[in-house]
Amino acid sequence: MSCRLSFSALAIALAVAVAGFAVAQAPATPGPLPDGYMRAPPVPEGLAPQMRVTETQGTARVFDAIFSPGDEVLSGLTDLARKHGITSGYVTGLGGLSGALLGFGDPELGAFAKIAVDEKCELVSLVGHIQMRDGAPYVHLHAIVALKDGSTKAGHVFELRVAPVAEISLVATSFGGGAR
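Quantities reported herein were computed from a predicted structural model and do not represent experimental measurements.

Conventions and cut-offs
- As a convention, each chain's residues are numbered from 1 in the sequence order in which they are written.
- Restriction of local features to residues with pLDDT of at least 70 applies here, the model being predicted, together with a cutoff of 80 or more for giving and counting side-chain atom pairs; totals for whole chains, interfaces and linings are based on all residues.
- By convention in this description, side-chain values take in all heavy atoms of the structure and omit both hydrogens and water.
- Criterion for a salt bridge: a side-chain nitrogen of Lys or Arg within 4 Å of a carboxyl oxygen of Asp or Glu.
- Exposure classes here rest on a 1.4 Å probe applied to the protein chains alone. A residue is buried below 20% of its type maximum, exposed above 50%, and partly exposed in between.
- Here is the rule: rings of Phe, Tyr and Trp (six-membered ring for Trp) pair when centre to centre is within 6.5 Å. Planes less than 30 degrees apart are stacked, more than 60 are edge-to-face, and the remainder are tilted.
- Put simply, DSSP marks the helices as runs of H or I at least four residues long and the strands as runs of E at least two long, and each gets a number from the N terminus on.

A.B. asks: Please set out the pattern of salt bridges residue by residue, giving values where relevant.
C.D. replies: For the structure on display, the rule yields three salt bridges. As a salt-bridge pair, lysine 120 and glutamate 122 come within 3.7 Å of each other at their nearest N and O atoms. Residue glutamate 122 is classed as partly exposed on the basis of its relative accessible area of 40%. Residue arginine 161 is joined to glutamate 159 by a salt bridge in which the shortest nitrogen-to-oxygen separation is 2.5 Å. Here glutamate 159 falls in the partly exposed class, since its relative accessible area comes to 26%.

Here it is in structure tokens:
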């Protein structure tokens, strides 16, 4: 019994010592910031009352696709989803491009403003997902491309022409027909 009490007392003493050390290491009250800067505020709760959530369970499968010069990424990923019966998933990637056609959505017109990139660029961020639309897998992608001068263009992906290579990962989270 005394061994148990000694162990408990030791555990409590250790916890108090660690907490005291953490408080001693905490930064001092932050001072004012320069103009144009801000500290991260707490995230407010309850500001997405219309959010819809669907929980799914299953095993994900990962497809790593390497695209070569002349390949078009959206077409290739759509073919991959159809071939493997992928009904949902998400996409990420990067690479080099000879050009791209992106768009910026205008809800008033129900159309996209064209963002044409007709020069060598780097695909610095590709994100997206796959969902079913009209009975077929729909690959929805957004990209940021960097130009030689360091400027960027971004938007909804309509076309990404590869040169020299693009490395894309597709994590499939559900399947519904087609080959596997």
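Here the narrative resumes, following the displayed structure.
A.B. asks: So what about the packing of aromatic side chains? Which residues, and what values?
C.D. replies: The geometry of an aromatic ring pair is captured by the separation of the ring centres together with the interplanar angle, meaning the angle of the planes. Applying the stated criterion to the full structure yields one aromatic pair. Centre to centre, the rings of phenylalanine 112 and phenylalanine 158 are 5.0 Å apart; their planes meet at 85°, and the pair counts as edge-to-face. In this pair, phenylalanine 112 sits in strand S3 (residues 111-117) while phenylalanine 158 sits in strand S6 (residues 152-175), placing the two residues 46 residues apart along the sequence. The exposure class assigned to phenylalanine 112 is partly exposed, which follows from its relative accessible area of 41%. When its relative accessible area of 35% is taken as the criterion, phenylalanine 158 is described as partly exposed.

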